[in-house]
Amino acid sequence: MASLDLVNVKKSFGAVHVLHDISIALEDGEFLVLVGPSGCGKSTLMNIIAGLEEPSGGTVNLMGRDITDVPTADRNISMVFQSYALYPNMTVAKNIEFPLEMRKVDKAQRQERVRSVAKLLQIEHLLDRRPRQLSGGQRQRVAIGRALAREPQLYLFDEPLSNLDAQLRVDMRTEIKKLHQRLKATIVYVTHDQIEAMTLASRIAVMKAGVLQQLGTPHEIYNRPANTFVAGFMGSPRMNLLKAQLVRDGQDLALRFGEKGVQMALSAAAVSPALAAYAGREVIAGIRPEAVSLCGPGMAPGPLQCAFEARVEVIEPTGADTLVLVDLGGHEFTVRLDPDLSLTPGQQLRFLVDLGKLVCFDPQSEALIAAA
Ligand SMILES: Nc1ncnc2c1ncn2[C@@H]1O[C@H](COP(=O)(O)OP(=O)(O)OP(=O)(O)O)[C@@H](O)[C@H]1O
Ligand SMILES: [Mg+2]
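Residues numbered from 1 in each chain as written. Chains lettered and ligands numbered in written order. Predicted model: local features only at pLDDT ≥ 70, side-chain atom pairs only at ≥ 80, totals over all residues.

Trainee: Break down the site of ligand 1 for me, citing the residues and quoting the values.
Mentor: In the vicinity of ligand 1, the contacting residues are Phe13, Val16, Val18, Gly36, Ser38, Gly39, Cys40, Gly41, Lys42, Ser43, Thr44 and Gln82. Elements with a minimum of two residues in the shell around ligand 1: strand 2 (16–27) and helix 1 (42–50). No other element matches helix 1, which puts 3 residues into the shell around ligand 1. In the shell around ligand 1, the residues fall into 4 nonpolar, 7 polar and 1 charged. (Near = placed C-beta within 6 Å. Helix = DSSP H or I, 4+ residues; strand = E, 2+ residues; numbered from the N terminus. Nonpolar A, V, L, I, M, F, W, Y, C, P; charged D, E, K, R; others polar.)

Trainee: Could you give me a rundown of the sheet that holds strand 10 (residues 211–216), with the residues and numbers involved?
Mentor: Overall, mixed pairing links the 6 strands, which are arranged 6-7-8-3-9-10 in an open sheet. Looking at the sheet topology across the chains shown, the edges are occupied by strand 6 (77–80) and strand 10. Strand after strand, the sheet turns through a mean of 15 degrees between neighbouring axes, direction not considered. The pairing of strand 9 (residues 203–208) with strand 10 spans 5 bridges and is classified as antiparallel. Bridging across to strand 10, methionine 207 finds its partner in leucine 212. (Pairing = 2+ DSSP bridges. Axes fitted to C-alpha atoms, helices over the stretch in contact; angles between N-to-C directions.)

Trainee: Can you lay out the nonpolar core for me, pointing to particular residues and giving the numbers?
Mentor: Judged by nonpolar contacts, the single largest core of 107 residues is most densely connected at Leu32, Val33 and Val353. It is helix 4 (residues 136–149) that provides the largest number of residues to this core, a total of 6 residues. Both domains that meet at this core, namely domain 1 (2–233) and domain 2 (240–371), each give it at least three residues. (Core = buried A, V, L, I, M, F, W, Y, C linked by C-beta atoms within 7 Å. Buried ≥ 20, exposed ≤ 12 C-beta atoms within 10 Å, placed from the backbone. Domains from an automatic or database assignment.)

Trainee: Any chance you could break down helix 2 (residues 92–102) for me, citing the residues and the numbers?
Mentor: Taken together, the buried positions of helix 2 are occupied by Val92, Ala93, Asn95, Ile96, Glu97 and Leu100. Elements in contact with the buried residues of helix 2: helix 3 (107–120) and helix 4. In the stretch just after helix 2, lysine 104 is the one whose phi turns positive, near 60 degrees. (Contact = placed C-beta atoms within 7 Å.)

Trainee: Could you give me a rundown of the domain arrangement of the protein, with the residues and numbers involved?
Mentor: Here the protein is described as being made up of domain 1 (2–233) and domain 2 (240–371). Using only C-alpha atoms to locate each centre, domain 1 and domain 2 end up separated by 39 Å. Listed as interface residues are 8 residues of domain 1 and, on the opposing side, 9 residues of domain 2.

Trainee: How would you sum up the pairing of strand 8 (residues 186–190)? Please name residues and give values.
Mentor: With 5 of its 5 residues buried, strand 8 lies for the most part within the structure. Neither face of strand 8 is exposed, since Thr186, Val188 and Val190 on one face and Ile187 and Tyr189 on the opposite face are all buried. In this structure, strand 3 (residues 31–35) lies alongside strand 8, joined through 4 bridges in parallel fashion. Across the sheet, residue leucine 32 finds its bridge partner in strand 8, namely valine 188. Pairing of strand 7 (residues 154–158) with strand 8, which is carried by 5 bridges, proceeds in the parallel orientation. Within strand 8, the residue paired with tyrosine 155 across the bridge is isoleucine 187.

Trainee: So, helix 4: which residues are in play, and what are the values?
Mentor: Look at helix 4: 20 Å from first C-alpha to last across 14 residues, which is about the 20 Å you get at 1.5 Å a residue. For helix 4, the tally of buried residues reaches 12 of 14 residues, placing the bulk of the element in the interior. When helix 4 is considered as a whole, its buried residues turn out to be Gln138, Arg139, Gln140, Arg141, Val142, Ala143, Ile144, Gly145, Arg146, Ala147, Leu148 and Ala149. Buried positions along helix 4 lie against strand 6, helix 2, helix 3 and strand 7. (Expected span 1.5 Å × (residues − 1).)

Trainee: Residue-level account of the pairing of strand 11 (residues 240–249), with values.
Mentor: Relative to strand 14 (residues 282–287), strand 11 runs antiparallel, the two sharing 6 bridges. Across the sheet, residue alanine 244 finds its bridge partner in strand 14, namely valine 283. Examined bridge by bridge, strand 11 and strand 12 (residues 252–257) share 6 bridges and lie antiparallel to one another. Across the sheet, the residue bridging to aspartate 249 is aspartate 252, located in strand 12.

Trainee: A description of the packing of helix 2 against helix 4 should follow, citing residues and the corresponding values.
Mentor: Between helix 2 and helix 4, the least distance of the axes is 8 Å, while the angle of their chain directions is 30 degrees. In terms of axis orientation, helix 2 runs roughly parallel to helix 4. Regarding helix 2 and helix 4, the two cross each other, and that crossing is right-handed. Between helix 2 and helix 4, the contacting residues are Val92, Asn95, Ile96, Pro99 and Leu100 on the first element and Val142, Gly145, Arg146 and Ala149 on the second. (Parallel < 35°, antiparallel > 145°, perpendicular 65-115°, else oblique. Left-handed = near helix turned anticlockwise from the far one by under 90°.)

Listed below in structure tokens is the structure:
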């Protein structure tokens, strides 16, 4: 049974349409991560699921029941807000305990729940304080604790880790993942953090200006983005998206970039029928920085590889790997290379592209043509 089923959910604030026909069906136990630029409607959608905003159209169903008109308090949903929304006059312990008290959980059990989430979130020493005596990150953990103390049918998390420092954030990410594996709860989670989205999600929903662009597993979103927006949004550094001419090269096809006409030969195996139909036309070629490697002396491209030459412009070591900006026929192109290579700006190098990772888009609609 679909646990959460959103059907054509719309929202307008006056004349401004903030959400356009959002339909998402989640299986029980799924972890959905919502991503998209600031202002695209993520929090509005969360508020509609929670019952804090009324949709202008469409329905919200939870465990097979239409809850569109059910008051928030009767929805059996726990939410962590972007703004925490703690009760200022209650201690931390009371903040966590209060929703349980409202649900008439007995006292011993309440105290046990408070103790266990406080331990999990490392806030045991803060239980007697009030929210104003806490840092932003501590408040955020209390808000998470309050949501976790209950065991609802659905958890909603709106950027729950945004105020934590880098280390705590990574730790909490792992804790949330473990928690999900243990509770098998259905979760909808909003984040701006790409790694959080990729590591936590069973599926990712990418939104832009109130329109759902793609709903898919992290692997699908990353490897077969539905359009150039999704391709450019997910992944850091960004996928290289370059206009190219799909030209005939003997029996095969090749991508030709820029005025200088740098070419990448495509083996027949790398060209789907859908892409072949673009022969003689322009496409947008998408190549992730890690789909490129250095072609050492004497190395020749394999059957699903092609080689190209480019000049090194900028070298950015990040520690784990080195990002190299090269000039590809007059276009900037980012390549992720081994950090131990010694490179210098101005160097002319030969690269190999993994054609199994090439994706091409229609230049007008910007939709995926086919992953070659
Ligand atoms: N009560 C409201 N009245 C009018 N416009 C609103 C209201 N609430 C939100 N909006 C508008 O709706 C759009 C979506 O807002 P929302 O808060 O859902 O975005 P978001 O994706 O959560 O952004 P962020 O990543 O910055 O949190 C924005 O343009 C916002 O200005
Ligand atoms: Mg928001």
